[in-house]
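The primary structure of each chain is shown beneath.
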Amino acid sequence: MLEQDLEKIFQNKIDNEIKIEPKDWMPDAYRKTNIRQISQHAHSEVVGMLPEGNWISRAPSLKRKAILIAKVQDEGGHGLYLYSSAETLGIGRDEMINDLHIGKAKYSSIFNYPSLSWADMGAIGWLVDGAAILNQVMLCRTSYGPYARAMVRICKEESFHQRQGFESLLVLSRGTDEQKAMCQDAINRWWWPSLMMFGPKDSESTNSDQSMKWKIKRKTNDELRQQFIDMIAEQIKVLGMTLPDDKLKWNEKTNHYDFGEINWDEFWNVVKGNGPCNKQRLVAKNKAHDEGEWVRAAAKVYAAKKLNRQKEKAA
Ligand code: BYC
């Protein structure tokens, strides 16, 4: 078939909401942009385990510890589904992981901020997972089949993450003065970075136009950010806390909250590798990978033994 005909079939599928599957013909740029986004997403899940992992051994009760362990484990699982999705596009897992380890691959800016107090576990659940889930609900309808299907499962787990974060902050917000202050401090520190998670303004977003045309993205960065602000500006009232933005105000004309200017210099600085924890995150990730070498080697030997046994049985 001619490339033009293949392109027509591909576009027809996109127009008719038929998922693109791994064996389907697809334009090179569509493949590349999916590999870019899905691998960045996978890296974000895995690096995202670090700020929370930091508090597992210091959780204030057995219940909170069990919840946090389960959540961090879920994030690792999300990374695995996503690496598998990206692999269906023809890239190897080793290559993706190596790109992360050498600092070539991007992952979400948010995970380059430190988790300084126990309240940060609540703020990450409520704000970070809250921002992530809005984006990921949209991605359940993304045009690439394996990515969309991974998202459905991830969203189910992510909504539990967000609720547990909110509940944890709710307890602190009704606690002692010290706990209330800790809760407010965590919200103050995580609010602006969580708005940056949605990416640059639409006017600065280099990939959005094409990704919207291919239905990889269904909403723009600014649309999702506004949706998030409108949601959180209401939920914060239940906590009796405030958001650190004196320009945050309901606008009757637009039916949305107005908000202050995001510090885009800070965002790009973090994306370029100069955030408070970028270096620390990559050192920790490389160390975990090196120390896990024996596990991967043992798993390979075990898999080979199992296969041999199956072959012997079948013979
Ligand atoms: N951080 O053209 P744009 C989680 C980059 S983890 C760093 O708008 P796009 C969790 C962008 O890559 C969930 N870089 O890009 C885990 C691009 O650079 P390249 C994380 C960013 O792709 C553990 C450039 O800026 N979620 O839930 O159209 C614990 C221009 O941007 C960021 C995902 O990964 C950023 N924030 O849109 C707790 C969702 N923003 O690649 C929770 C999947 C932008 O051209 N990803 N850049 O060199 C997406 O939906 C999209 O990739 C984005 C950006 C909306 C993030």
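Our structure is the block above this text.
Enquirer: Quick question: what am I supposed to make of the overall build of the chain here?
Expert: Along the backbone of the chain there are 13 helices and 2 strands. Here the C-alpha radius of gyration of the chain, 21 Å, is about what a compact globule of 315 residues would show, namely 20 Å. In terms of overall dimensions, the chain has a C-alpha envelope of 70 × 50 × 35 Å along the principal axes. Split into buried and exposed, the 315 residues of the chain put 47% on the buried side. Restricting to contacts in the chain with at least 6 residues of sequence separation, those with at least 24 account for 75%. A total accessible area of about 16,700 Å² is found for the chain, and carbon and sulfur atoms account for 55% of it. Taking the average place of the 46 positive charges on the side chains of the chain and the average place of its 42 negative ones, the gap between the two points comes to 5 Å.

Enquirer: I tried to follow the nonpolar core on my own but got confused; where do I start?
Expert: Across soluble globular proteins, you tend to see nonpolar side chains buried next to one another. Core analysis: the biggest nonpolar cluster contains 72 residues, and Y30, W126, I187, W191 and F228 have the highest contact counts within it. Per element, the largest residue contribution to this core is 11 residues, and it comes from helix α6 (residues 119–139). The residues touching Y30, leaving out its near neighbours within four places in the chain, are F10, I14, I20, S143, Y144, W214 and I216.

Enquirer: It is not clear to me how the pattern of salt bridges should be interpreted in this structure. Could you clarify?
Expert: Two side chains bearing opposite charge may form a pair once their charged atoms approach each other closely. For the coordinates displayed, the defined rule picks out 17 salt bridges. With a closest N to O distance of 3.0 Å, K71 and D129 form a salt bridge. One end of the pair, K71, is in helix α4 (residues 62–87); the other, D129, is in helix α6, and 58 residues separate them in sequence. By the burial criterion, K71 is buried, and D129 matches it. It is possible to trace a salt-bridge network through shared partners that takes in E52, K71, E75 and D129.

Enquirer: I would appreciate a short explanation of the site of the ligand in the present structure.
Expert: Not every one of the 37 residues close to the ligand is listed here, only the nearest: Q40, K106, S205, K217 and N221. S109 places a polar main-chain atom, nitrogen or oxygen, 2.8 Å from a nitrogen atom of the ligand. In this structure, an oxygen atom belonging to the ligand sits 2.8 Å away from a main-chain N or O atom of N207. When the free accessible area of the ligand is taken as 1,100 Å², the share hidden by the protein chains comes to 92%. Listing elements by their share of the shell around the ligand, those giving two or more residues are α2 (28–47), α4, α6, α7 (145–173) and α11 (264–274).

Rules and cut-offs
Residues numbered from 1 in each chain as written. Predicted model: local features only at pLDDT ≥ 70, side-chain atom pairs only at ≥ 80, totals over all residues. Heavy atoms only, no water. Helix = DSSP H or I, 4+ residues; strand = E, 2+ residues; numbered from the N terminus. Rg over C-alpha atoms; globule rule 2.2 N^0.38 Å. Buried < 20%, exposed > 50% of the residue type's maximum accessible area, 1.4 Å probe, protein only. Contact = heavy atoms within 4.5 Å. Areas by Shrake-Rupley, 256 points an atom, 1.4 Å probe, with all protein chains shown as cover. Lys, Arg positive; Asp, Glu negative; His and termini not counted. Charge placed at Lys NZ, Arg CZ, Asp CG, Glu CD. Core = buried A, V, L, I, M, F, W, Y, C linked by side-chain atoms within 4.5 Å. Salt bridge = Lys/Arg side-chain N within 4 Å of Asp/Glu carboxyl O. Near = heavy atom within 4 Å. Polar contact = N/O pair within 3.5 Å; in protein donor to acceptor, adjacent residues only side chain to side chain.

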